[in-house]
Protein chains: 2
Amino acid sequence: MRFRIAIVAVCLAVSTFGVAQAKKSGGGSAEPALRAQEDAWLKAFQAHDLNKALAFLAPGAVAMAPNAPPAKTQKELHEAYVPLASADTKINFKADYVAASGDLGVTSGPYQITMMDNGKKVDDKGKYVTVWKKQADGSWKVVRDIFNSDMPAAH
Amino acid sequence: MRFRIAIVAVCLAVSTFGVAQAKKSGGGSAEPALRAQEDAWLKAFQAHDLNKALAFLAPGAVAMAPNAPPAKTQKELHEAYVPLASADTKINFKADYVAASGDLGVTSGPYQITMMDNGKKVDDKGKYVTVWKKQADGSWKVVRDIFNSDMPAAH
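Residues numbered from 1 in each chain as written. Chains lettered and ligands numbered in written order. Predicted model: local features only at pLDDT ≥ 70, side-chain atom pairs only at ≥ 80, totals over all residues. Heavy atoms only, no water.

### Concerning the overall build of chain A
Going by this rule: Note on conventions: DSSP H or I runs of at least 4 residues are helices, E runs of at least 2 residues are strands, and numbering of each starts at the N terminus. For every residue, the accessible area obtained with a 1.4 Å probe (protein chains only) is divided by the maximum for its type, and the residue is called buried under 20%, exposed over 50%, and partly exposed between those limits. Note on definitions: a residue-residue contact is assigned when non-hydrogen atoms from the two residues lie within 4.5 Å. All accessibility values rest on the Shrake-Rupley procedure with a 1.4 Å probe; residue burial counts only the protein chains present in the view.
Looking only at helices and strands, one finds four helices and six strands in chain A. Mapped from its N terminus to its C terminus, chain A presents α and β elements in the order α-α-α-β-α-β-β-β-β-β. Counting across all 155 residues of chain A, residues that qualify as buried make up 41%. Nonlocal contacts in chain A, meaning residues at least 24 apart in sequence, comprise 54% of its contacts between residues at least 6 apart. About 8,300 Å² of surface is accessible on chain A, with carbon and sulfur atoms providing 59% of the total.

### Re the pattern of salt bridges
Residue and element names in this part refer to chain A. We count it as follows: For this document, the term salt bridge refers to a Lys or Arg side-chain nitrogen within 4 Å of an Asp or Glu carboxyl oxygen.
Taken as a whole, this structure holds eight salt bridges over all chains when the rule is applied. One salt bridge connects Asp 39 with Lys 43, and the closest N-O pair in it is separated by 2.8 Å. Here Lys 43 and Asp 39 lie together in helix H2 (residues 31-46), a separation of four residues that amounts to about one turn. Residue classification places Lys 43 among the partly exposed residues on the basis of a relative accessible area of 48%. Between Lys 75 and Glu 79 there is a salt bridge; the shortest N-O distance is 3.2 Å.

### Observations regarding the environment of Ile 146 of chain A
All names here are of chain A. As for its position among the elements, Ile 146 is in strand S6 (residues 140-149). The exposure class assigned to Ile 146 is buried, which follows from its relative accessible area of 0%. Spatially, the C-alpha atoms of Ile 146 and Lys 90 are 19 Å apart, while their sequence positions differ by 56 residues.

### Here's the deal with the nonpolar core
Definition in use: Buried Ala, Val, Leu, Ile, Met, Phe, Trp, Tyr and Cys residues that are joined via side-chain atoms within 4.5 Å together make up what is termed a nonpolar core.
Core analysis: the largest hydrophobic core is formed by 32 residues, its most contacted members being Trp 41, Phe 45, Leu 57, Tyr 81, Ile 91 and Phe 93 of chain B. Setting aside chain neighbours within four positions, we find Phe 45 of chain B in contact with Ala 53, Tyr 81, Leu 84, Ala 85, Ile 91 and Phe 93 of chain B. One finds Leu 42, Ala 85, Ile 113 and Tyr 128 of chain A within the second-largest nonpolar core, a separate group that totals 29 residues.

### Things to note about helix H2 (residues 31-46) of chain B
An α-helical segment advances 3.6 residues per turn. Residues three or four places apart therefore align on the same side. As a reminder of what qualifies: Expected helix span is given by 1.5 Å per residue-to-residue step, counting one fewer step than there are residues.
An ideal rise of 1.5 Å per residue puts 22 Å on 16 residues; H2 of chain B measures up with 22 Å between its terminal C-alpha atoms. Remark: His 48 of chain B follows H2 of chain B within two positions and exhibits a positive phi of approximately 55°.

### What to know about the side chain of Asn 148 of chain A
Rules: What qualifies as a polar contact is a pair of N or O atoms within 3.5 Å, subject to a donor-acceptor requirement within protein and to the restriction that residues adjacent in sequence count only when both atoms come from side chains.
Note on placement: Asn 148 of chain A falls in strand S6. A residue is classified by how much of its surface remains accessible, and Asn 148 of chain A, at 0% relative accessible area, is buried. Of the polar contacts made by the side chain of Asn 148 of chain A, one reaches the backbone oxygen of Met 64 of chain B; its length is 2.9 Å. Reaching out from Asn 148 of chain A, the side chain makes a polar contact with the backbone oxygen of Phe 147 of chain B at a distance of 2.8 Å. Ignoring any residue separated from it by four or fewer positions in sequence, one finds Asn 148 of chain A in contact with Pro 66, Tyr 111, Gly 126 and Lys 127 of chain A together with Met 64, Ala 65, Pro 66, Ile 146, Phe 147 and Asn 148 of chain B.

### Thoughts on the confidence of the model for chain A
Residues and elements named next belong to chain A. Using the following cut-off: pLDDT measures how confident the predictor is about each residue, on a scale from 0 to 100.
Summing up the model confidence of chain A, the mean pLDDT is 87 and the portion of residues at 70 or higher is 81%. Across residues 7-28, where pLDDT falls below 50, the model places 26 contacts with residues more than four positions away in sequence or in other chains. With a pTM of 0.83, the predicted complex shows an ipTM of 0.83.

### Some details on the pairing of S6 of chain A
Residue and element names in this part refer to chain A. Heads up, the rule is: Strand pairing is defined by DSSP finding a minimum of two bridges between the two strands.
Extensive coverage of S6 is indicated by the burial of eight of its ten residues. Of the strand pairs in this sheet, strand S1 (residues 57-64) and S6 are connected by four bridges, and their pairing is parallel. Following the sheet pairing, Val 62 is matched in S6 by Arg 144. The pairing of strand S5 (residues 120-134) with S6 spans nine bridges and is antiparallel. If you follow Trp 132 over to S6, its bridge partner there is Val 142. The turn linking S5 back onto S6 is made up of five residues, and Gly 138 within it adopts a positive phi angle of 90°.

### Brief notes about the packing of aromatic side chains
Put simply, the rule is: The pairing test for Phe, Tyr and Trp rings, Trp by its six-membered ring, is centres within 6.5 Å, and the orientation test on the planes gives stacked under 30 degrees, edge-to-face over 60, and tilted for anything in between. Either the NZ atom of lysine or the CZ atom of arginine qualifies as a charge over a ring when it sits within 6 Å of the ring centre and within 35 degrees of the ring normal.
Summed over all chains, the structure comprises 18 aromatic pairs over all chains. Look at Phe 45 of chain A and Tyr 81 of chain A: their rings are 5.8 Å apart centre to centre, the planes differ by 35°, and that puts the pair in the tilted class. Here Tyr 81 of chain A lies in helix H4 (residues 74-85) and Phe 45 of chain A lies in helix H2, a separation of 36 residues in the sequence. With a relative accessible area of 2%, Tyr 81 of chain A lands in the buried category. Taken together, the ring pairs connect Trp 41, Phe 45, Phe 56, Tyr 81, Phe 93, Tyr 128 and Trp 132 of chain A into an aromatic cluster. Above the plane of the ring of Tyr 97 of chain B lies Arg 144 of chain A, whose end atom (NZ or CZ) is 4.3 Å from the centre.

Structure representation (structure tokens):
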């Protein structure tokens, strides 16, 4: 009887350990990988490599730029990200909030961008939220991306 | 020896079951609760009950309205959500994307709002992403909330 209790105790310990590991692997430990992936995405924009930047999008990704309907098709997504990767664009963003649990991740923070709009230099700064989904191959890809400006609206 | 193998096999089975349960509890099963919580949040705005709406925010929540810096303090958060709960505001939003894993959740979709701006009626529609964190009491609360308009920018 005492032996059976010991077996149950060992099984419970192993089981608890397993649950703890599963929670851990789905929890905070993914955040450095998510930060690194966001940084790699930024570097693709900074290198003006639009195709590389678009490769960070998961199937079904939606980009939500201000003053335009959500971009869903390949053509719309391409158009949505063109300004961020243009040769004369300078862009920077870095998350001050990173959360990950299981296959779901979120990064959010401030952005700064300088770009040409109809021959006019535009400086903008604002904030963004990017939602990431861990793919079957273990890589994090973007499923939703939204941002807006801190600057007063033009009137 | 055979008995030890049996113990190990049982332990592995229990452990695997534990991991599977942990993953399950952190997965898709939270999505109905998240949808219900978002709907309750909408109803607080529709009832013009600002205090009730603000109670859906988690400690440290940041609201990211367009054309303003991120709202972080209680005063800023109050100001950010006043227009959504005003007596003459009509608001609607409903997620077409809901994801939850462990204590992290995301809702995203379209919004429509009609409000008075300096005595002028303004119709707006756009999209949003809301990030939710499951609290110690099991309730989902908002940690990040961002939206922008689909309408062309005023020039």
